[in-house]
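This is what each chain is made of:
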Amino acid sequence: MFKNKIKIAPSILSADYADLKKEIERVKQGGADMLHVDVMDGHFVPNISIGPPVVKSVRKATDMFLDCHLMISNPLEYIDAFANAGADLISFHLESESDPEKTIEKIISTGVKPALVLKPKTPAEEVFPFIEKLAMVLVMTVEPGFGGQSFMEDQLGKIQKIRKKASEVNPDLMIQVDGGIVPATASLCVEAGADVLVSGSYIFGSDDIKGAIDSLRPCS
């Protein structure tokens, strides 16, 4: 699906929303593989970001793969809205109020790739019953809700456990990591078994977007 073994997903949460189309083009030209779109409802996490209308506008502005991370209380209710807006992949939290199995099936029914997200305190084993049906698991290495937090190194063991289980039941599973990703932590995540890295402020805050993206691919 993607040209690089280690895939980079800039989080538009850190982009300049006053010129979002230009920001997206900057990371596309810099070699990003997908866009990470953080959706927050102010209830599941203590912050509010964007909804389907912005995703729809982003879809019109780019042909990049849109990876929508729903940090919302009832993701099942909004799958159709985000699928219709143009999401290519929808991830939702195992800790949300929606039934995981029903939500995964709903995502699949729309033709979008399904993914589950684990907060730092949620054990790796909680996702094991669903791995066979997933395209991706997202391991949060910060508490979801705000950018710019420090990387939680104790989450590396969780990545290793998920990769081991995936090798047995779903070898094509992507493991994404989000939170505090810079070159040093990117290397740790890749070594643990991750192959998709989300980074926001490190990429969008750089004067050299391509250099920043390339520096996160320790195995490329």
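Asker: Where do I start with the nonpolar core in this structure?
Answerer: Soluble globular proteins tend to bury their nonpolar side chains together. Ile12, Ile159, Ile162, Cys189 and Leu197 are the most contacted members of the largest nonpolar core, which totals 59 residues. In this structure, Ile162 is in contact with Leu118, Ala124, Val127, Phe128, Ile131, Val137, Val139, Leu173 and Ile175, ignoring residues within four places of it in sequence. One finds Ala9, Phe65, Ala135 and Val196 within the second-largest nonpolar core, a separate group that totals ten residues.

Asker: How should I be thinking about helix 6 (residues 183-192) in this particular structure?
Answerer: An α-helical turn contains 3.6 residues, so a residue and the one three or four places further along point in the same direction. The complete set of buried residues in helix 6 reads Thr185, Ala186, Cys189, Val190 and Ala192. Down the axis of helix 6, the buried set is contained in an arc of 160°. They therefore lie on one face. Turned more than 90 degrees off the buried face of helix 6, the exposed positions are Ala184 and Glu191. Where helix 6 is buried, its residues contact helix 5 (156-169), strand 7 (174-178) and strand 8 (196-199).

Asker: In this structure, what is going on with the sheet that holds strand 8? I would like to understand it.
Answerer: Whenever strands of a sheet pair, they do so through backbone hydrogen bonds, lying parallel or antiparallel. The sheet built from eight strands is open, its strands ordered 1-8-7-6-5-4-3-2 with parallel pairing. The sheet is open, and its two borders are formed by strand 1 (7-10) and strand 2 (34-40), each paired with just one other strand. For this sheet, the mean inter-axis angle between neighbouring strands, taken without regard to orientation, is 25°. Alignment of strand 3 (residues 65-71) against strand 4 (residues 89-93), held across four bridges, turns out to be parallel. Counterpart to His69 in the pairing with strand 4 is Ser91.

Asker: Which parts of the structure should I look at to understand the environment of Glu95?
Answerer: Mapped onto the elements, Glu95 comes out in the loop between strand 4 and helix 4 (100-109). Residues Glu95 and Ile181, spaced 86 residues apart in sequence, show a C-alpha to C-alpha distance of 23 Å. Setting aside residues no more than four positions away along its own chain, Glu95 makes contact with Phe44, Val117, Leu118, Lys119 and Thr122. Among the polar contacts listed, one links the side chain of Glu95 to the backbone nitrogen of Lys119, at a separation of 2.7 Å. Within the local environment of Glu95, its side chain forms a polar contact with the side chain of Thr122, the two groups lying 2.5 Å apart.

Reading guide: rules and limits
- Within every chain, residues take consecutive numbers counted from 1 along the sequence as written.
- With pLDDT at 70 or above as the cut-off, local features in this predicted model cover only qualifying residues; side-chain atom pairs require 80 or more to be listed or tallied, and sums for whole chains, interfaces and linings still use all residues.
- Side-chain metrics rest on all non-hydrogen atoms present in the structure, leaving aside hydrogens and water.
- Throughout this description, the term nonpolar core refers to a set of buried Ala, Val, Leu, Ile, Met, Phe, Trp, Tyr and Cys residues connected via side-chain atoms within 4.5 Å.
- Partly exposed residues are those whose accessible area sits between 20% and 50% of the maximum for their type, while under 20% is buried and over 50% is exposed, using a 1.4 Å probe and protein chains only.
- The contact criterion used throughout is that any non-hydrogen atoms of two residues lie within 4.5 Å.
- The helix and strand labels rest on DSSP assignments: H or I over at least four residues marks a helix, E over at least two residues marks a strand, and numbering proceeds from the N terminus.
- Arc definition: it is the arc formed by the directions from the helix axis to the C-beta atoms.
- Here a strand pair is declared whenever DSSP counts at least two bridges between the two strands.
- Every angle, taken between N-to-C directions, lies between 0 and 180 degrees, and every axis is a line fitted to C-alpha atoms, over only the stretch in contact when it is a helix.
- Polar contact is the term for a pair of N or O atoms within 3.5 Å; when the atoms are in protein, one must be able to donate a hydrogen and the other to accept it, and sequence-neighboring residues count only if both atoms are side-chain atoms.

Taken by themselves, the reported measurements are silent on function.
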